[in-house]
Amino acid sequence: MKHFRWYPLALFALGLAALIATGTAGGARHARGVSGSISIIAKWTGDEQKSFLAVVAEFKKKNPNVDVKYTPGGDNTPQLVSTAVAGGNPPDIAVLPQPGLMRDLAKRGAAKPITFAKPTLLKNEASVWVNLGSVNGKLYGLFFKAANKSTVWYNVKLFKDAGAKPAATFSAFLKLAKTVKASGAKAYAIAGADGWTLTDLFENIYLKQAGPKKYDLLTTHKIKWTDPSVKAALRTMAKILGDTDNIPGGKSGALQTDFPTSVTQVLTDSPKAAMDIEGDFVPSDIKANVSAIKDYNVFPFPSIKPSTRLSIMGGGDTVIMLKDNPAARALISFLATPQAATVWAQRGGFSSPNKNVKPSAYKDPLNRKTALALAHAKIFRFDMSDLQPAAFGATTGQGEWKLFQDFLSNPKDVNGAAAKLEAAAKKAYGK
Amino acid sequence: MNGASVTAEPPGRAAPPVARAGRLRKHAVAAAFLAPAVFFLGVWIIYPLADTVRRSFLYRDTNRWIGLHNYKELFTLGTIVTAIKNNAIWIGVVPALVTAIGLIFAVLTERIRWSVAFKTVVFMPMAISLFAAGVIWRVMDQEDPHVGALNAGIGAIHDAFSPPGPLPDAAASTSNLTGSPQRGFVLHKPLHPGGVGLLGLTGIATSEVPSTAVQAASPKPVANGIAGVVWRDFKPGGGKAGQVEQGELGLPGVTVQLENATGRKVESVKTDDNGTFSFVGVQGGEYRVAIGPKTFAKPFGGVAWLGPKLITPALIVAYIWVWAGFAMVVIAAGLAAIPREVLEAGRTDGGTEWQVFRRVTVPLLAPVLSVVFITMLINVLKVFDIVLSVAPGSSQDDANVIALAMWRTSFGGVNDYGLGAAIAVFLFLLVIPVLALNVRRFRREG
């Protein structure tokens, strides 16, 4: 009886072999000349997908023989791309929401250098973007779509009721908040249910208060989170978060308000708060029938020190090349030009780091304001939490997100918050 | 071993060649029939299981062997320890409660006329996916009484007993006015007859000011009396605090109290449309004017069901809401199968309804109750989706359970596959005894 047991096992092994075979075979795609085909996995879905396809259509006008296959990955794009790379069948081009994975792929040799696009890019984008897209001095990533996160959105009517004006400095900003409170409204919509809005607030303050050099050191954890500069920034942050009477629902209200809700608290005709401190993507979550300038407006995050007055913190989507072929090269070269960015800028919901996109390309006046500020920023720094290990900088319910939420419930505990942040950072960076 | 199983075995050693070929063919047929099942079990159960166990000894997504390190981490990492504790609460509370509530519903529905309608309603949540049920409860549990149904209900009762005041968010405009919304505000400086009090308030939205309000007036002193004004001490830009200015509205209908030197209330009046008030015929001496706390009483602010303290109870309520219907239907089926004569016999023997229920119904239902209980036990061990959908990001850590911890560790951003695998193995070990119990019951019933 015993010697017949190998039957099921053999069949099982055969099945496995068959599975593996189908997994590895197929896929290899070749493109010849500027005619060919490109597969793209990008995070853009919905309207963003349509706009990007419009950019691709512009590209195809010049390269009619290129076939483009687009897969929208949404929030799962990093996983999709990693899996595709691990499975040996990567797309030609991928668009990633964070630069972390790009670096990882470049170091493993999965991403291919795009040095051919560097001259064009240097003509069009500030060197900070080129540096962000480089790994060991070689260019791998092109930032096509960016976000200006140093913005404060406000409700025009509540500002009018309070007789308040946009503030240029942080002290004026705090006074403005006080005036808004005295007028009977709440100043701040805080989206504390989403930890990332709190890290954005911290990063804005830290960049403007401690300056870009310290910002870079903290980003790479070369200075500790218990550094005096971090504590000073936390104290500044507490001036906003600790003003609980000035937040709808107070602390616990803030902790249960997610980002889209915070937008509906401010950019609406029946506002609960006057200001939402978040990036240029705020208007995409408007639910009410309100219009720019008449009902809502935007001003830059107030400056804390004169030397960092024109600094901007933001993010961006990175275009990387995973297979080196002429068609992919052609598309990436095209994306580095102002023509490509202009197509999407005209459709709205877009900020290009490209300096040579004409201001008139942006149809929405507020979009134009934030996008131009971003492209022409004297100092730009990438969202710190996006550059840190995800376990620390980008995970719901732990690391920075959780600890800043704890700080929101107890803004007095600056030393405790700094110590906990340092402990979590040490763990995430360590080993 | 009994004789039947012995004779069922084909004779082994001394088999003639023909029989051996037959046996070979028979095994080949058996293998062919078994192959699909073995293949699917192998690919989707055995291989993942084995690989999960292997991965739990490796560091993150590498192949570096780190022994029991991940298991040590499992019992020392704060968030996972919270998850284990929370799971213990779930196990202790949910299966028992669901079984009990299901039993109560099942027994009660036997006796009411609209039992089918009632059963349908209670069973309805089962038709919704757990995730969707979670979304419903997330809205129901909102803290803001204007959004969350639970708090709206509590708020209606609360406000009926202690109605909110007309100026719930007001604050004093200058330090001349001391006190707090909870104790009321008092003009710090004492007044004598002929004196005038300015009670400036801020933090009042224009929508909160009664529509009859007009421009605030500077009060005129009254002989043998005390006069004053209560007004919204704010105009666009802020204005000068403590001064009645053009463009600032009086606050009508505010109750102002006159207190004597000992702090006793002497008299109270309501303010006019321009905010002014006056007490006439006041005897000599020191007085203070005050606005009582009732004016500033806040409306019900809502219970933070989704906050860190109440999140697990809130989740358990939602979960029971979903599963009570399942328990009820299964138990009702069991109930219908109980022979009526036994119950009748109990009653004829003089048992009260309670005694019949306790001594006859429940023991007869025991197998069904244990099915419900064990099913719930397994469900609760693996509870996941409702926690993910109900708990907001800020309290997800406080609501954590083992299955969620596993997912968050492996895929929720940390991407520590090693530790995630260790959590999975731990969860698997927890489920095994319950499964064993179930299998034993199947055998007994079979």
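Residues numbered from 1 in each chain as written. Chains lettered and ligands numbered in written order. Predicted model: local features only at pLDDT ≥ 70, side-chain atom pairs only at ≥ 80, totals over all residues.

1. Examining the overall build of chain A
Each helix and strand in chain A was counted, giving 20 helices and 12 strands. For 431 residues, the compact-globule estimate of 2.2 N^0.38 gives 22 Å, and the C-alpha radius of gyration of chain A, at 24 Å, lies within 12% of that figure. If one aligns the C-alpha atoms of chain A with their principal axes, the spans along those axes are about 80 × 65 × 40 Å. The buried share among the 431 residues of chain A stands at 52%. Considering only residue pairs separated by 6 or more positions, chain A has 75% of its internal contacts joining residues 24 or more positions apart. (Helix = DSSP H or I, 4+ residues; strand = E, 2+ residues; numbered from the N terminus. Rg over C-alpha atoms; globule rule 2.2 N^0.38 Å. Buried ≥ 20, exposed ≤ 12 C-beta atoms within 10 Å, placed from the backbone. Contact = placed C-beta atoms within 7 Å.)

2. Observations concerning the overall build of chain B
What chain B contains, in helices and strands, is 14 helices and 9 strands. Overall, chain B is about 135 × 75 × 35 Å in size when its C-alpha atoms are taken along their principal axes. In chain B, which comprises 446 residues, the proportion classed as buried is 35%. A sequence separation of at least 24 residues applies to 72% of the contacts in chain B between residues at least 6 apart.

3. Some details on helix α14 (residues 326–335) of chain A
With 7 of 10 residues buried, α14(A) lies mostly within the body of the structure. Of all the residues in α14(A), the buried ones are Ala327(A), Ala328(A), Arg329(A), Ala330(A), Leu331(A), Ile332(A) and Leu335(A).

4. What about the domain arrangement of chain A?
Residues and elements named next belong to chain A. For chain A, the domain assignment lists domain 1 (36–148 + 315–382) and domain 2 (151–312 + 384–429). When residues of the side of domain 1 that touches domain 2 are traced back to their parent elements, those giving at least two are α4 (99–107), β6 (141–148), α16 (365–375) and β12 (379–382). Take the side of domain 1 that touches domain 2: its biggest share by element is 6 residues, from α16. Partitioned by chemical class, the residues of the side of domain 1 that touches domain 2 number 10 nonpolar, 7 polar and 4 charged. (Domains from an automatic or database assignment. Nonpolar A, V, L, I, M, F, W, Y, C, P; charged D, E, K, R; others polar.)

5. Re the confidence of the model for chain A
All names here are of chain A. Considering every residue of chain A, the mean pLDDT works out to 89; 92% of them sit at 70 or more. Contacts from residues 1–6, a stretch scored under 50 in pLDDT, to residues over four places away or in other chains number 1 contact. Low pLDDT (under 50) marks residues 14–33, which in the prediction has 12 contacts with non-local residues, meaning those over four places away or in another chain. (pLDDT = per-residue confidence, 0-100.)

6. Re the domain arrangement of chain B
According to the domain assignment, chain B contains domain 1 (17–55), domain 2 (69–145 + 305–445) and domain 3 (171–296). When each unit is reduced to the centre of its C-alpha atoms, the spacing between domain 1 of chain B and domain 3 of chain B is 89 Å.

7. Quick look at the sheet that holds strand β4 (residues 196–202) of chain B
Judged by pairing direction, the sheet is mixed, and its 4 strands sit side by side in the order β1-β4-β5-β8 (chain B) without closing on themselves. The sheet is open, and its two borders are formed by β1 (171–172) and β8 (276–279) of chain B, each paired with just one other strand. (Pairing = 2+ DSSP bridges.)

8. Digging into the interface of chain B and chain A
Tallying the contact residues gives 36 residues for chain B and 35 residues for chain A. For the side of chain B that touches chain A, the secondary-structure elements that each account for two or more residues are α2 (17–55) and α12 (396–399) of chain B. Counting residues per element, the side of chain B that touches chain A draws most heavily on α2(B), which supplies 8 residues. Taken together, the residues of the side of chain B that touches chain A break down into 14 nonpolar, 15 polar and 7 charged.

9. Here we look at the environment of Pro113(A)
All names here are of chain A. Assignment of secondary structure puts Pro-113 in the loop between α4 and α5 (118–124). Spatially, the C-alpha atom of Pro-113 lies 24 Å from that of Phe-380, the residues being 267 residues apart in sequence. Leaving out residues up to four positions away in the same chain, Pro-113 has contacts with Lys-138, Leu-139 and Tyr-140.

10. A few points about the sheet that holds strand β10 (residues 296–300) of chain A
All names here are of chain A. Ordered in space as β8-β9-β7-β10, the 4 strands form an open sheet in which the pairing is mixed. A single partner strand is all that each edge strand has here, and the edge strands are β8 (188–189) and β10. Bridging between strand β7 (residues 151–155) and strand β9 (residues 275–276) involves 2 bridges; their strand directions are antiparallel. Bridging across to β9, Trp-153 finds its partner in Asp-276.

11. Things to note about the environment of Asn89(A)
Tracing the sequence through the fold places Asn89(A) in the loop between α3 (77–86) and β3 (93–96). For Asn89(A) and Lys323(A), which are 234 residues apart along the polypeptide, the C-alpha to C-alpha distance reads 9.8 Å.

12. Some remarks on the pairing of strand β1 (residues 36–42) of chain A
The two faces of the sheet receive side chains in turn, since in a regular strand these alternate between them. Residue and element names in this part refer to chain A. Along β1, 6 of the 7 residues are buried, which leaves the element largely enclosed by surrounding structure. Both β1 and strand β2 (residues 66–72) contribute to a ladder of 7 bridges, which runs parallel. Looking at the pairing, Ile-38 lines up with Val-68 of β2. A crossover connection joins β1 to the parallel β2 through helix α2 (residues 46–62); in handedness this β-α-β unit is right-handed. Of the strand pairs in this sheet, β1 and β3 are connected by 3 bridges, and their pairing is parallel. Bridging from a neighbouring strand, Ile-41 pairs with Ala-94 of β3. (Right-handed = clockwise from strand over helix to strand, strands pointing away.)

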